[in-house]
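Below, each chain spelled out in residue letters.
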Amino acid sequence: MGMGVEIRDRIAKRAAEEIKNGMIVNLGIGIPSLVPNHLPAGTNVMFHAENGITGMGPSPEKGKEDENLCNAGGFPVSVVKGASYCDSTIAFGMIRRGRVDMTILGSLQVSEKGDLANWIVPGKKVPGMGGAMELAQKARKVIVLMNQTDKYGNSKIVNECSLPLTSARCVDMIITEMAVFQITNHGLTLTELFAPHSIHAVRAKTGCGFTIAGNVRVIN
Amino acid sequence: MENTYNKIIEIDEAMKHFRDGMIIMFGGFGGIGTPPALIDGILDNGFKDLTLIGNDSGFPHIGIGKVVSQGRAKKMIASHIGSNPVAGQLMTDGKMEVEFSPQGILAERIRAGGVGIPAILSDIGLDNDIVTSNKQTCNLSGKKYLVETALTAEISIVFAKKADPYGNLIYDKSARNTNPLVAMAGDMTIAEVEEIVPLGSLDPDEIITPGVFVDYIVPSKGVNWKWAWE
């Protein structure tokens, strides 16, 4: 998405703050996959993969890959102590039953009500929903990491999604390169700013209104 | 190896059970856990107009992707085809019909087929036209659900790490994925296995798929494609 490594890391680092000891977390591809790099040492978290791994660890060194140990995207991973394998129904059972505490994923659009549109660009790409609907609908907390705007400069945070929804009213938090937003029943609230961006600049690049939290944290 | 139950066969013998237009269900997730020799057998024998049911369409040269890329499927029921651009192109060109099902629900539909349950009730994608189209809904205790029908196939093909001559199977790490489900859902199930071990050498406690579900066992020569990360 034309986003520099530094900015991607800044977003990932902020998302990592949301992960608490003992959580089960599912990460999407892209920036979300950088989140584990920013966890404080000693954080005990089980990363969940839809293909049937609970307790995914980092990518193995080159030459030490195991073709039968891969994440849901088909790329080699390792496992941590306490990990387990299961079939796909069990992996999704964990999601639907509410055992997955958090999913961190990318998106094309998010509405002010928390509607998520991240699976189809009509007329262009119809890759299929994969596990996105179940994760969006059933993970206990849904965090979206994405650019504030698309490559044409249009805000990805909107009143109403123009793209087909993955799931309605499911997103709890949005982290972009400019700001952090919370979404509750009361709507969209800006809670944090990434320096040097101003609230004014964020407003100019947000396709809907938002309220401003009482005490906006500025992240340097 | 003693072939006590006459389940152990060579690939050529296995291929006699296939024909054009068949409904085939395959194990695997992104190509991992998809049986390479059976895939090549389908290709080499020219089977076509197939209906393929499985998690995804693999990569163009990996797993079921090889069959899809050669235009051998008229229809696919899957949750994702994003890793195989050829599949996307065939769908766009109207050369292959694709029916999408949310990933976990697809797995559960396969499981339902495998355990003799006609359908399951689901609340996944209730607000999504693509998921709900042509599906019945029902109300249960005041809540609306989709009726997601069970899936079965004429032949299921799976990939396992070890089998004994009865067809008891164990899988390797994340290559288990949809295989135990697919193994149950075929009218006939053929397991390609990396190693065949004598009866009694698998601990009954560690068996994932009981041999009851496995009709034939084909020895594997292992994966013969290059992975996307290689």
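What you see is a predicted model, and the numbers here were worked out from it, not measured in a lab.

Caption draft 1: Spotlight on the overall build of chain B. Helices and strands together make up the secondary structure of chain B, namely 7 helices and 11 strands. Here the C-alpha atoms of chain B give a radius of gyration of 18 Å, agreeing with the 17 Å that 2.2 N^0.38 yields for 230 residues. Summarising its shape, the C-alpha atoms of chain B cover approximately 55 × 40 × 35 Å along the three principal directions. For chain B, with 230 residues in total, the buried portion stands at 52%. In chain B, the proportion of contacts linking residues at least 24 apart, taken out of those at least 6 apart, comes to 74%.

Caption draft 2: Representation of helix 4 (residues 85–92) of chain B. Residues and elements named next belong to chain B. Turning to helix 4, its buried residues are Val86, Ala87, Gly88 and Leu90. Where helix 4 is buried, its residues meet helix 3 (65–69). Positive backbone phi, at 75 degrees, marks glycine 94, one or two positions downstream of helix 4.

Caption draft 3: Structural detail: the interface of chain B and chain A. Taken together, the contacts link 35 residues of chain B with 32 residues of chain A. Examining the composition of the side of chain B that touches chain A, we find that 5 residues originate from one element, helix 5 (residues 103–114) of chain B, more than from any other. Residue composition of the side of chain B that touches chain A, by class: 15 nonpolar, 14 polar and 6 charged.

Caption draft 4: Spotlight on the nonpolar core. Core analysis: the biggest nonpolar cluster contains 119 residues, and A:Val144 and B:Ala191 have the highest contact counts within it. In terms of residue count, the dominant contributor to this core is strand 8 (residues 153–163) of chain B (7 residues). With sequence-adjacent residues up to four places away left out, B:Ala191 is seen in contact with B:Val158, B:Ala160, B:Ala163, B:Gly167, B:Leu169, B:Ala183, B:Val214 and B:Ile217.

Caption draft 5: Quick peek at the pairing of strand 2 (residues 50–53) of chain B. All names here are of chain B. Pairing geometry for strand 1 (residues 23–26) and strand 2, over 3 bridges, is parallel. Bridge pairing in strand 2 links isoleucine 24 to leucine 52. Following the chain from strand 1 across helix 2 (residues 36–44) to the adjacent parallel strand 2, one finds a crossover that is right-handed. Of the strand pairs in this sheet, strand 2 and strand 3 (residues 73–78) are connected by 4 bridges, and their pairing is parallel. Residue pairing in the sheet places leucine 52 in a bridge with methionine 76 of strand 3.

Caption draft 6: Up close: the sheet that holds strand 4 (residues 78–85) of chain A. Residues and elements named next belong to chain A. Pairing in this open sheet of 10 strands is mixed, and the strands run 4-3-2-1-5-8-10-11-12-13 from one edge to the other. Looking at the sheet topology across the chains shown, the edges are occupied by strand 4 and strand 13 (211–219). Averaged over all pairs of adjacent strands, the angle between their axes in this sheet comes to 25 degrees, without regard to strand direction. Inspection of the sheet shows strand 12 (residues 187–194) paired to strand 13 by 5 bridges, in the parallel sense. Its bridge partner being in strand 13, glutamate 192 is matched across the sheet by arginine 217.

Caption draft 7: Geometry of the sheet that holds strand 6 (residues 109–111) of chain A. Residues and elements named next belong to chain A. Pairing is mixed in the open sheet, where 3 strands are placed in the order 7-6-9. Where the open sheet ends on each side, the last strands, each with one partner, are strand 7 (116–117) and strand 9 (157–158). Direction of pairing for strand 6 relative to strand 7: antiparallel, over a ladder of 2 bridges. From the neighbouring strand, valine 110 faces strand 7, where its bridge partner is leucine 116.

Caption draft 8: Up close: unusual backbone geometry. Following A:Ala195, the chain continues to A:Pro196 via a peptide bond in cis, the omega torsion being 5 degrees. Position of A:Pro196 among the secondary structure elements: in the loop between strand 12 and helix 4 (199–204). The backbone phi angle of B:Asp49 is positive, close to 55 degrees, even though this residue is not glycine. Along the chain, B:Asp49 turns up in the loop between helix 2 and strand 2. Take B:Asp49: there are 13 C-beta atoms within 10 Å of it, and that puts it in the partly exposed class.

Caption draft 9: Fine view of the environment of B:Val86. Residues and elements named next belong to chain B. Along the polypeptide, valine 86 turns up in helix 4. A count of 20 C-beta atoms within 10 Å places valine 86 in the buried class. Sequence-wise, valine 86 and isoleucine 196 are 110 residues apart; in three dimensions their C-alpha atoms are separated by 35 Å.

Caption draft 10: Spatial organisation of helix 2 (residues 88–96) of chain A. With 7 of 9 residues buried, helix 2 of chain A is to be regarded as a mostly interior element. Buried residues of helix 2 of chain A: A:Ser88, A:Thr89, A:Ala91, A:Phe92, A:Met94, A:Ile95 and A:Arg96, and no others. Residues of helix 2 of chain A that are buried in the fold lie against strand 2 (46–49) and helix 3 (132–138) of chain A together with helix 5 and helix 7 (179–185) of chain B. At the exit of helix 2 of chain A stands A:Gly98, carrying a positive phi of roughly 85 degrees.

Caption draft 11: Broad picture of the environment of B:Ile81. You can see B:Ile81 is positioned in the loop between strand 3 and helix 4. Judged by the 25 C-beta atoms lying within 10 Å of it, B:Ile81 falls in the buried class. C-alpha separation for the pair B:Ile81 and B:Met91, spaced 10 residues apart in sequence, amounts to 9.7 Å. Not counting residues up to four positions away in its chain, the partners in contact with B:Ile81 are A:Pro127, A:Gly128, B:Asp56, B:Ser57, B:Ala87, B:Gly88, B:Met91 and B:Val98.

Caption draft 12: Molecular detail of the packing of helix 2 of chain A against helix 5 of chain B. Running from amino to carboxyl end, helix 2 of chain A crosses helix 5 of chain B at an angle of 130 degrees, the nearest separation of the two axes being 9 Å. Judged by the angle between their axes, helix 2 of chain A and helix 5 of chain B are oblique. Crossing of helix 2 of chain A over helix 5 of chain B shows left-handed handedness. Taking contact as the criterion, the partners of A:Ser88, A:Thr89, A:Phe92, A:Ile95 and A:Arg96 in helix 2 of chain A are, on helix 5 of chain B, B:Gln103, B:Gly104, B:Ala107, B:Glu108 and B:Arg111. The residue inventory of the contact of helix 2 of chain A with helix 5 of chain B, partitioned by class, reads 3 nonpolar, 4 polar and 3 charged.

Parameters and conventions
Residues numbered from 1 in each chain as written. Chains lettered and ligands numbered in written order. Predicted model: local features only at pLDDT ≥ 70, side-chain atom pairs only at ≥ 80, totals over all residues. Helix = DSSP H or I, 4+ residues; strand = E, 2+ residues; numbered from the N terminus. Rg over C-alpha atoms; globule rule 2.2 N^0.38 Å. Buried ≥ 20, exposed ≤ 12 C-beta atoms within 10 Å, placed from the backbone. Contact = placed C-beta atoms within 7 Å. Nonpolar A, V, L, I, M, F, W, Y, C, P; charged D, E, K, R; others polar. Core = buried A, V, L, I, M, F, W, Y, C linked by C-beta atoms within 7 Å. Pairing = 2+ DSSP bridges. Right-handed = clockwise from strand over helix to strand, strands pointing away. Axes fitted to C-alpha atoms, helices over the stretch in contact; angles between N-to-C directions. Parallel < 35°, antiparallel > 145°, perpendicular 65-115°, else oblique. Left-handed = near helix turned anticlockwise from the far one by under 90°.

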